[in-house]
Amino acid sequence: MLTTQREGRTEIIYYVIPLIATVSMAVVSDFRDWRIPNRLIAVGMIQGFLMSAVVRGPCDGLLSSVAGCVIPVVILFVLFHKKALGAGDIKLLATAGTFVGTDVIRVIVYSFLAGGVISLFFLLKEVLMSVTNRKEISTKQFYRNLMKSRVHFSAAIMGGVMYYVCTIEWR
């Protein structure tokens, strides 16, 4: 059985499978419909609360899950307000927080790093497309086209969750 050592006690990690499954379904839905269904978020949060209660104990588990759920909403509210991040992405990070607790801060950092890598590839693709295009595009038009582009941040969240899962100390 997979276990990890945290704070001097061993926890069984069987919440990894529902966490990855929930985030994967959200990515598929986001790529297909440009939205993450609230029903999926609700089911994921219920699973996260239950798994945390079972793994960490009822009191500690639920308290950790609530903290992990609230942290992304508080931290990322400004980005949502500036329309730089969608509500579904914040809810997906909050759902991941119900599974991982306060380690959601690490998941957020990893997700933004993955988003940066994805954005670099996207930018490289746009530059190559503009260079290989036969008609000239002005720099102003290039940036205008680039700013109109939207990115599925759920893919970056999936990358952040996967990196988090891979960096847990397995025993």
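These numbers were taken from a predicted model, which means no experiment stands behind them. (Residues numbered from 1 in each chain as written. Predicted model: local features only at pLDDT ≥ 70, side-chain atom pairs only at ≥ 80, totals over all residues. Heavy atoms only, no water.)

Q: Hey, could you run me through the overall build of the chain in this one?
A: Helix and strand counts for the chain come out as seven helices and two strands. Taking all 171 residues of the chain together, the buried fraction comes to 40%. In the chain, 73% of the contacts between residues at least 6 apart in sequence involve partners at least 24 apart. (Helix = DSSP H or I, 4+ residues; strand = E, 2+ residues; numbered from the N terminus. Buried < 20%, exposed > 50% of the residue type's maximum accessible area, 1.4 Å probe, protein only. Contact = heavy atoms within 4.5 Å.)

Q: Can you walk me through a nonpolar patch on the surface in this structure?
A: On the surface, a cluster of nonpolar side chains totalling about 370 Å² of accessible area is made up of I75, I105, V109 and L113. Ranked by residue count, the leading element in the nonpolar patch is helix 5 (residues 104–132), at three residues. Within the secondary structure, L113 sits in helix 5. (Patch = residues over 30% accessible without salt bridge, like charges linked within 9 Å, V, L, I, M, F, W, Y side chains within 5 Å. Areas by Shrake-Rupley, 256 points an atom, 1.4 Å probe, with all protein chains shown as cover. Salt bridge = Lys/Arg side-chain N within 4 Å of Asp/Glu carboxyl O.)

Q: Would you mind showing me how to read the UniProt feature "transmembrane region" (unreviewed entry) in the chain here?
A: If you check UniProt for "transmembrane region" (unreviewed entry), the listed places come out as residues 12–29, 36–55, 61–80, 92–124 and 151–170 in our numbering. Structurally, residues 36–55 is divided into 90% helix and 0% strand, and its ends, taken at the C-alpha atoms, are 27 Å apart. In residues 92–124, helix accounts for 91% and strand for 0%; the two terminal C-alpha atoms are 28 Å from one another. (UniProt positions renumbered as here; feature names shortened; annotations may be inferred.)

Q: Looking at this model, I keep getting lost on the nonpolar core. Mind explaining?
A: Soluble, globular proteins show a tendency: their nonpolar side chains are buried together. Membership of the largest hydrophobic core comes to 35 residues, with the highest contact counts inside it found for L19, V23, L92, V100, I157, V161 and Y164. Put simply, the parts of the chain that give this core at least two residues each are helix 1 (16–33), helix 2 (38–56), helix 3 (58–81), helix 4 (87–100), helix 5 and helix 7 (153–167). (Core = buried A, V, L, I, M, F, W, Y, C linked by side-chain atoms within 4.5 Å.)

Q: Even after reading the chapter, I still don't get the side chain of S29, so can you show me in this structure?
A: Counting through the fold element by element, S29 comes out in helix 1. Given the relative accessible area of 4%, S29 is considered buried. If near-sequence neighbours (up to four positions away) are discounted, S29 is found in contact with W34, R35, I36 and P37.

Q: Whenever I open this one, the confidence of the model for the chain confuses me. Can you help?
A: Atomic detail in the predicted coordinates should be set aside for any region of low pLDDT. On average, the chain scores 85 in pLDDT, and the residues at 70 or more come to 80%. The least confident element of the chain, judged by mean pLDDT, is strand 2 (residues 9–12) at 50; the most confident is helix 4 at 95. (pLDDT = per-residue confidence, 0-100.)

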